[in-house]
Amino acid sequence: MFWKKRVLPYQLNIHPPLNTPLREISFTVFDTETTGFAVGRKDRLIEIGAVQVEELTLTDKTFRTYVNPERNIPREITELTGIHAEDVERAPTALEAIKDFFRFVEKQKSTVWAGHYVAFDLLVLKKELQRYKYAFDVPSQIDTLDMIGYLNPTWDMKDLSYYAREFGANMFERHSALGDARTTASLLIELIHILEHRGKRTLGDLLDILRKENGMKTMM
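Every value quoted in this text rests on a predicted model; they were computed, and no experiment measured them.

The rules behind these values
- Residues numbered from 1 in each chain as written.
- Predicted model: local features only at pLDDT ≥ 70, side-chain atom pairs only at ≥ 80, totals over all residues.
- Heavy atoms only, no water.
- Helix = DSSP H or I, 4+ residues; strand = E, 2+ residues; numbered from the N terminus.
- Rg over C-alpha atoms; globule rule 2.2 N^0.38 Å.
- Buried < 20%, exposed > 50% of the residue type's maximum accessible area, 1.4 Å probe, protein only.
- Contact = heavy atoms within 4.5 Å.
- Areas by Shrake-Rupley, 256 points an atom, 1.4 Å probe, with all protein chains shown as cover.
- Lys, Arg positive; Asp, Glu negative; His and termini not counted.
- Charge placed at Lys NZ, Arg CZ, Asp CG, Glu CD.
- Polar contact = N/O pair within 3.5 Å; in protein donor to acceptor, adjacent residues only side chain to side chain.
- Pairing = 2+ DSSP bridges.
- Axes fitted to C-alpha atoms, helices over the stretch in contact; angles between N-to-C directions.
- Salt bridge = Lys/Arg side-chain N within 4 Å of Asp/Glu carboxyl O.
- Core = buried A, V, L, I, M, F, W, Y, C linked by side-chain atoms within 4.5 Å.
- 1 Å grid on protein atoms, 1.4 Å probe; cavity = no way out; pocket = protein on both sides within 12 Å on 5 of 7 lines; lining within 4 Å.
- Points joined across faces, edges and corners; volume = space filled by probe spheres on them.

Take the overall build of the protein chain next. Across its full length, the protein chain carries 8 helices and 7 strands. Here the C-alpha atoms of the protein chain give a radius of gyration of 17 Å, agreeing with the 17 Å that 2.2 N^0.38 yields for 220 residues. Out of the 220 residues belonging to the protein chain, those deemed buried represent 52%. Relative to all contacts within the protein chain whose residues are 6 or more apart in sequence, the contacts with residues 24 or more apart total 71%. Summing over all exposed atoms, the protein chain offers an accessible surface of approximately 11100 Å²; the carbon and sulfur share of this is 49%. Mean positive and mean negative side-chain charge positions of the protein chain (30 and 32 charges, respectively) differ by 5 Å.

Next up, the structure:
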């Protein structure tokens, strides 16, 4: 018998008009940390971090939670992220952590999600929810990688810190979900400033240039 996914009842799909100026968009910039990249199989979520960008300003409205992966954290991941078993052993399950994140997004009345290689972070959320037979309505999202691909189509994919330096963004703690979300948010703001100078000033302009055939091809 096939089971039917239940949709989590959070308001994540607020659709502003396409002519909305980018300066009026409320962005939730988020990042995840995991036990590895095989999130469709054995690897699990261990941290979610997010920050709001409003009026092209990095705000102090943030979200952060560790997540109990219900498995061991590989040594190399602990060395990379600084997250130890004792940090997550009493943390919420993935389902409860994601619900808390969605409540944060709903409270902020966010209209667009953003991330650096956001497809991976969305996949992490989807795969975790599938384990509990849940789904969610995916909101509009943008990827800073695609924005960079539009502005510099000849560039190869680089690390987040490389792009932050290149575009003059502020750097925060690396390989921390909240730190990377803040760095990505600062990068997002700098990229939007460049787009505005090129006459791309509305949500419609942004979504148009980020169509896959125009943006950097991200890898799964």
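Right, let's talk about helix α5 (residues 144-151) for a bit. Helical geometry note: an α-helix holds 3.6 residues per turn, so side chains three or four residues apart project in the same direction. Most of α5 sits inside the fold, with 7 of its 8 residues counted as buried. Those residues of α5 that sit buried are Thr144, Leu145, Asp146, Met147, Ile148, Gly149 and Leu151. Two or three places before Leu145, at the opening of α5, Asp143 has a side-chain oxygen 2.8 Å from that residue's backbone nitrogen.

Let us now look at the environment of Leu22. In this fold, Leu22 is placed in the loop between β1 (6-7) and β2 (26-34). The sequence separation of Leu22 and Thr144 amounts to 122 residues, and the corresponding C-alpha distance is 14 Å. Setting aside residues up to four positions removed in sequence, Leu22 forms contacts with Phe27, Leu56, Ile192, Lys200, Arg201, Thr202, Leu203 and Leu206.

Moving on to the sheet that holds strand β5 (residues 112-115). One open sheet holds the 5 strands; their spatial order is β4-β3-β2-β5-β7, and the pairing between them is mixed. Looking at the sheet topology across the chains shown, the edges are occupied by β4 (57-66) and β7 (141-143). In this sheet, neighbouring strand axes are inclined to one another by 25° on average, regardless of whether the strands run parallel or antiparallel. Here helix α3 (residues 94-108) sits on the sheet in contact with β2, β3 (45-54), β4 and β5, set at roughly 5° to β3. This element, α5, spans β5 and β7 of the sheet and lies at about 55° to β7.

When the charged atoms of two side chains with opposite charge come close together, those side chains can pair. Under the definition given, this model contains 13 salt bridges. Between Glu96 and Lys99 there is a salt bridge, with the nearest N and O atoms lying 3.9 Å from each other. Highlighted residues: Glu96 and Lys99, both in helix α3, separated by 3 residues, approximately one helical turn. Since its relative accessible area comes to 35%, Glu96 is described here as partly exposed. The residue Asp159 makes a salt bridge to Arg174 at a minimum N-O spacing of 2.9 Å. Residue Asp159 is located in the loop between α5 and α6 (160-166), and its partner Arg174 is located in the loop between α6 and α7 (177-197); the two are separated by 15 residues in the primary sequence. Residue class for Arg174 comes out partly exposed when judged on its relative accessible area of 21%. Each of Arg44, Glu70, Glu128 and Arg131 takes part in one network of salt bridges that share partners.

Looking at the secondary structure, you find Glu128 in helix α4 (residues 118-131). Leaving out residues up to four positions away in the same chain, Glu128 has contacts with Arg44, Leu45, Ala94 and Ile98.

Time to look at the nonpolar core. By size, the foremost hydrophobic cluster in this structure holds 31 residues, and its most contacted members are Phe27, Val29, Ile142, Met147, Leu187, Leu188 and Leu206. Elements with a contribution of two residues or more to this core: β2, β3, β5, α5, α6, α7 and α8 (203-209). The biggest single contributor to this core is α7, with 8 residues. Leave out the neighbours within four places in its chain, and Leu188 touches Phe27, Val29, Ala114, Ile142, Thr144 and Met147.

By volume, the largest pocket is sized at about 680 Å³. Lining of the largest pocket is provided by 26 residues; of these, Asp31, Phe37, Tyr117, Phe120 and His175 occupy positions nearest its centre. Counting residues per element, the ones that place at least two in the lining of the largest pocket are β2, α1 (75-81), α4 and α7. Looking at the lining of the largest pocket, the element that brings in the most residues is β2, giving 4 residues.

Further remarks concern the environment of His175. Considering the arrangement of structural elements, one finds His175 in the loop between α6 and α7. Along the chain, His175 and Ile77 lie 98 residues apart, while their C-alpha atoms are 9.6 Å from each other.

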